[in-house]
Amino acid sequence: MVKIATWNVNSVKARLPNVLAWLKEAAPDVVLFQEIKCIDEGFPRMEFEDLGYNVAVHGQKTYNGVAILSKSPLDDIRRGLPHLEENGVDDHARYIEAVTGFGDLVIRVASIYLPNGNPSGQPPEITEKYAYKLKWMDRLKSHATELLKQEEMIVLGGDYNVIPTELDVYDPDAWRGDALFRLETRDKFRALQNLGLTDAFKALHPVETHCYTFWDYQGGAWQKDNGIRIDHLLLSPQAADRLTGCQIDRKPRGQEKASDHTPIWCELT
DNA sequence: ATGTCGCGTGAAACGCGA
């Protein structure tokens, strides 16, 4: 059995005590981090190695940044999302993938920090930031299409900055025009899933409501449970066949110095 | 109640991104 978690930590340095405490308690085999907000050299690698993790980092100064931790070695590490247009550049560190194995469970995992995209503009207008998000989603779909041809166990996890359905937000009308909930965003996320990727949480909790992974720091959102479900684990068919559990762990969000996101994990058996 | 947080700059308070 392999337990794979994803968590947008909102600065790995500011969050280090919280993150280390959670790793000791939850003991995931693989962890996907987003928004580490540091360069590779600044990542607290040794603290995680001391807990038995192998570490792969794709960071940058100030913003973004993703990482993968695994109790098994990380092979075939790839940094950055391919499928840039000709002469295109993407200087945001938002994607890293690697292969890690636990017995006969050999899994390709990716840590994804999909662009936020706000402000998105007044529909049907689309701002430059929102256009970047939509284009990034197209690139992710192209890459996922290629990965799926390998017929491997794949877990594409991370902060997708996508609220998939009205069940995944406390007040759909309040979020209607937001880049995380606009129809263009949800259409592209659905198209990604329709390649054959399973939303692990939705597969095991199809009708549960008030299941969120993010609560804004502002306006007492956490206390009021004004949350949204935007952190997802998407599984290839080979991985989905092994899915035996998936839970959101709300505990870290309620602690001192919390990230605005909380971890979500799945188990493959 | 424009009610938060983290980073970088540059030495305190601000702009940016979320």
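Residues numbered from 1 in each chain as written. Chains lettered and ligands numbered in written order. Predicted model: local features only at pLDDT ≥ 70, side-chain atom pairs only at ≥ 80, totals over all residues. Heavy atoms only, no water.

### Observations regarding the overall build of chain A
A count of helical and extended segments in chain A gives eight helices and 14 strands. Against the globule reference of 18 Å for 269 residues, chain A gives a C-alpha radius of gyration of 17 Å, in line with a compact fold. C-alpha extents for chain A along the principal axes are approximately 50 × 45 × 40 Å. Expressed as a percentage of its 269 residues, the buried residues of chain A come to 55%. (Helix = DSSP H or I, 4+ residues; strand = E, 2+ residues; numbered from the N terminus. Rg over C-alpha atoms; globule rule 2.2 N^0.38 Å. Buried < 20%, exposed > 50% of the residue type's maximum accessible area, 1.4 Å probe, protein only.)

### What to know about the packing of aromatic side chains
In total, this model carries seven aromatic pairs according to the counting rule given. Between Tyr-160 and Phe-189 the ring centres are 5.5 Å apart and the planes differ by 75°, which places this aromatic pair in the edge-to-face class. Of this pair, Tyr-160 sits in the loop between β8 (153-159) and α4 (172-175) while Phe-189 sits in helix α5 (residues 183-193), and the two are 29 residues apart along the sequence. The same class applies to Tyr-160 and to Phe-189, which are both buried. Above the ring of Tyr-53, the side-chain terminus of Lys-71 is found at 4.6 Å from the ring centroid. Lying over the aromatic face of Phe-181, Arg-186 brings its terminal NZ or CZ to 4.0 Å of the ring centre. (Phe/Tyr/Trp six-rings, centres within 6.5 Å; stacked < 30°, edge-to-face > 60°. Lys NZ or Arg CZ within 6 Å of the ring centre and 35° of its normal.)

### Points about the pairing of strand β6 (residues 95-102)
Most of β6 sits out of view: seven of its eight residues are buried. Where strand β5 (residues 75-79) meets β6, three bridges bridge the pair, whose relative direction is antiparallel. By the bridge assignment, Arg-78 is partnered in β6 with Glu-97. Sheet topology places β6 next to strand β7 (residues 105-113); eight bridges connect them, and they run antiparallel. Counterpart to Phe-102 in the pairing with β7 is Leu-105. Between β6 and β7, which pair antiparallel in sequence order, lie two residues; one of them, Gly-103, sits at a positive phi of approximately 65°. (Pairing = 2+ DSSP bridges.)

### Things to note about the protein's contact with DNA strand B
Contacts to DNA strand B come from 15 residues, most closely from Ser-11, Arg-15, Lys-61, Thr-62 and Gln-218. Here DNA strand B approaches the protein such that, of its atoms within 4 Å, sugar and phosphate make up 78%. A distance of 3.5 Å separates a phosphate oxygen of DNA strand B from a polar side-chain atom of Arg-94. Note that a sugar or linking oxygen of DNA strand B is positioned 3.2 Å from one of the backbone N or O atoms of Tyr-217. Classifying every residue of the surface near DNA strand B gives four nonpolar, five polar and six charged. (Near = heavy atom within 4 Å. Polar contact = N/O pair within 3.5 Å; in protein donor to acceptor, adjacent residues only side chain to side chain. Nonpolar A, V, L, I, M, F, W, Y, C, P; charged D, E, K, R; others polar.)

### Quick word on the state of the cysteines
Tallied over the full model, the rule gives zero disulfides. Residue Cys-246 stays outside any disulfide, its sulfur separated by 5.8 Å from that of Cys-266, the closest cysteine. Looking at Cys-246, the relative accessible area reads 1%, which means it is buried. (Disulfide = S-S within 2.5 Å.)

### Details of the nonpolar core
Proteins that are soluble and globular tend to have nonpolar side chains buried together. Ranked by size, the top nonpolar core spans 29 residues in total, and within it Ile-4, Ile-107, Val-155 and Leu-268 carry the most contacts. Element by element, the count of residues in this core is highest for β7, at four residues. What Ile-107 contacts, discounting residues up to four positions off in sequence, is Val-2, Ile-4, Ala-98, Val-99, Thr-100, Met-153, Val-155 and Leu-268. (Core = buried A, V, L, I, M, F, W, Y, C linked by side-chain atoms within 4.5 Å. Contact = heavy atoms within 4.5 Å.)

### A closer look at the pattern of salt bridges
Here the structure, examined in full by the defined rule, presents 19 salt bridges. Between Asp-90 and Arg-139 there is a salt bridge whose closest N-O contact spans 2.8 Å. Pair noted here: Asp-90 is in the loop between β5 and β6 and Arg-139 is in helix α3 (residues 128-148), with a separation of 49 residues, a long-range link. Arg-139 gets classed as buried once you look at its relative accessible area, which sits at 6%. Between Asp-168 and Arg-229 there is a salt bridge whose closest N-O contact spans 2.9 Å. Here Asp-168 is found in the loop between β8 and α4, whereas its partner Arg-229 is found in the loop between β11 (227-228) and β12 (231-235), with 61 residues between them in sequence. (Salt bridge = Lys/Arg side-chain N within 4 Å of Asp/Glu carboxyl O.)

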